[in-house]
Structure formats: structure tokens, C-alpha cells
Amino acid sequence: MSKEGEGKIPRLFAGSVNDLTRPSKPRKEKESDDLKNQKKQKTLYISLDINRKLIELYGEEGRRQSIIVEDAVNLYYYLKKALGEKKFDELMSAVRREDPEFLRDYMGRFRT
């Protein structure tokens, strides 16, 4: 009652051992002379709270998150240069309170 083909080892590879051990063909290397043409990956690690704020800003302003982040970085950079280290640290401590009214009052001091 044995069926034909039972007990036979299936053939997995019909080529020779040389075919298995032959090195693969080298891939064509792209010219990397021009860095401007290379794509660069940008990775930004942010907290869930900051991500929520980004999504909220994105919804309000209708702009891409990357543009909002670039604006934030520019704002941070130039405020730090303009205010100096001490005043900038004071401003950042006011921002960290996450109280718009307090920040508005604090910023009012700069208008005088």
C-alpha cells in the first residue's frame, strides 16, 4: 500500500556545489562625489507630549511638521544668541511652566 514517491528525499537544488559557493556579482556603486545628491536621513527623537504639540501646530497652521521643527530650531538658536545665556535660561524656565499667561507677562517685560 505504499504510494509512489513516499520516502524519497526531495531535490532542493539542481546545481553544483560550485554554484553555491561562487561569489555574487558585485553591485554597481553609485558615485558618491556629489553630497548634495545623496539623500540624508533625519531622525528626531521627541517625547510624546512634544509630538502631540507638533500635531496640534500642524493642524492649526497646515504646514509640514519638518517646517515647524525648522522654525522652532531657528527661533531657539537666534533667541539664544540675541538674549545671551542668562536671559535665555530665564526665558526657557518660563516656557517650561507651560502657562501661556505667565509667559505673556514675562515677555511683556522685554517691551520696556
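Scroll up to find the structure.
Starting from 1, residues in each chain are numbered consecutively following that chain's sequence as written. Only residues with pLDDT of at least 70 are given local features in this predicted model, and only at 80 or more are side-chain atom pairs given and counted; all residues enter the totals for whole chains, interfaces and linings. The basis for the side-chain values is all heavy atoms of the structure; hydrogens and waters are excluded.

**Q** Summarise the packing of aromatic side chains; cite the residues concerned and give the values.
**A** Aromatic rings from Phe, Tyr and Trp, with only the six-membered ring used for Trp, were paired whenever their centres fell within 6.5 Å, and each pair was classed as stacked if the ring planes differed by under 30 degrees, edge-to-face if by over 60, and tilted otherwise. A full pass over the atoms with the stated rule returns two aromatic pairs. For the ring pair Y77 and Y78, a centre distance of 4.9 Å and an interplane angle of 85 degrees mean the geometry is edge-to-face. Think of it in three bands: with a 1.4 Å probe and only protein chains considered, a residue is buried below 20% of the maximum accessible area for its type, exposed above 50%, and partly exposed in between. Assessed through its relative accessible area of 52%, Y78 is described here as exposed. Each ring is checked for a lysine NZ or an arginine CZ that lies within 6 Å of its centre and within 35 degrees of its normal; such an atom marks a charge sitting over the ring. When the ring centre of F102 is taken as origin, the NZ or CZ atom of R97, which lies over that ring, is 3.9 Å away.

**Q** Could you give me a rundown of the pattern of salt bridges, with the residues and numbers involved?
**A** Salt bridges, as used here, are contacts in which a Lys or Arg side-chain nitrogen is within 4 Å of a carboxyl oxygen on Asp or Glu. A complete count under the given rule lists eight salt bridges for this structure. For the salt bridge of D49 with R52, the shortest nitrogen-to-oxygen distance reads 2.7 Å. Placement of both D49 and R52 in helix 2 (residues 48–61) is noted, with a separation of three residues, approximately one turn of the helix. The partner of D71 in a salt bridge is R63, and the shortest N-O contact between them spans 2.5 Å. Beyond isolated ion pairs, a larger network of salt bridges with shared partners links D49, R52, K53, E56 and E98. Numbering of helices and strands runs from the N terminus; a helix is a DSSP stretch of H or I covering at least four residues, while a strand is a stretch of E covering at least two.

**Q** Quick rundown of unusual backbone geometry? Include the residues and the values.
**A** In this structure, E98 takes a positive phi of about 55 degrees despite not being glycine. Looking at the secondary structure, you find E98 in the loop between helix 3 (65–96) and helix 4 (100–108). Residue classification places E98 among the exposed residues on the basis of a relative accessible area of 53%.

**Q** Describe helix 3, listing the residues and the values that go with them.
**A** Expected span of a helix, by definition, is 1.5 Å for each gap between consecutive residues, and there is one gap fewer than residues. Between its first and last C-alpha atoms helix 3 spans 21 Å; for 32 residues at 1.5 Å apiece the expected length is 46 Å, and the helix comes up short by more than 12%. Note on bend: at a given residue it equals the angle between the axes fitted to the 7 residues ending there and to the 7 starting there. Of all the bends found along helix 3, the most pronounced is centred on G84 and spans about 120 degrees. Among the residues making up helix 3, those that are buried are I68, F88, L91, M92 and A94. Only heavy atoms matter for contacts: two residues are in contact if any of them lie within 4.5 Å across the pair. In the core, the buried residues of helix 3 are packed alongside helix 2 and helix 4.

So far we have only geometry, and geometry alone does not tell us how the molecule works.
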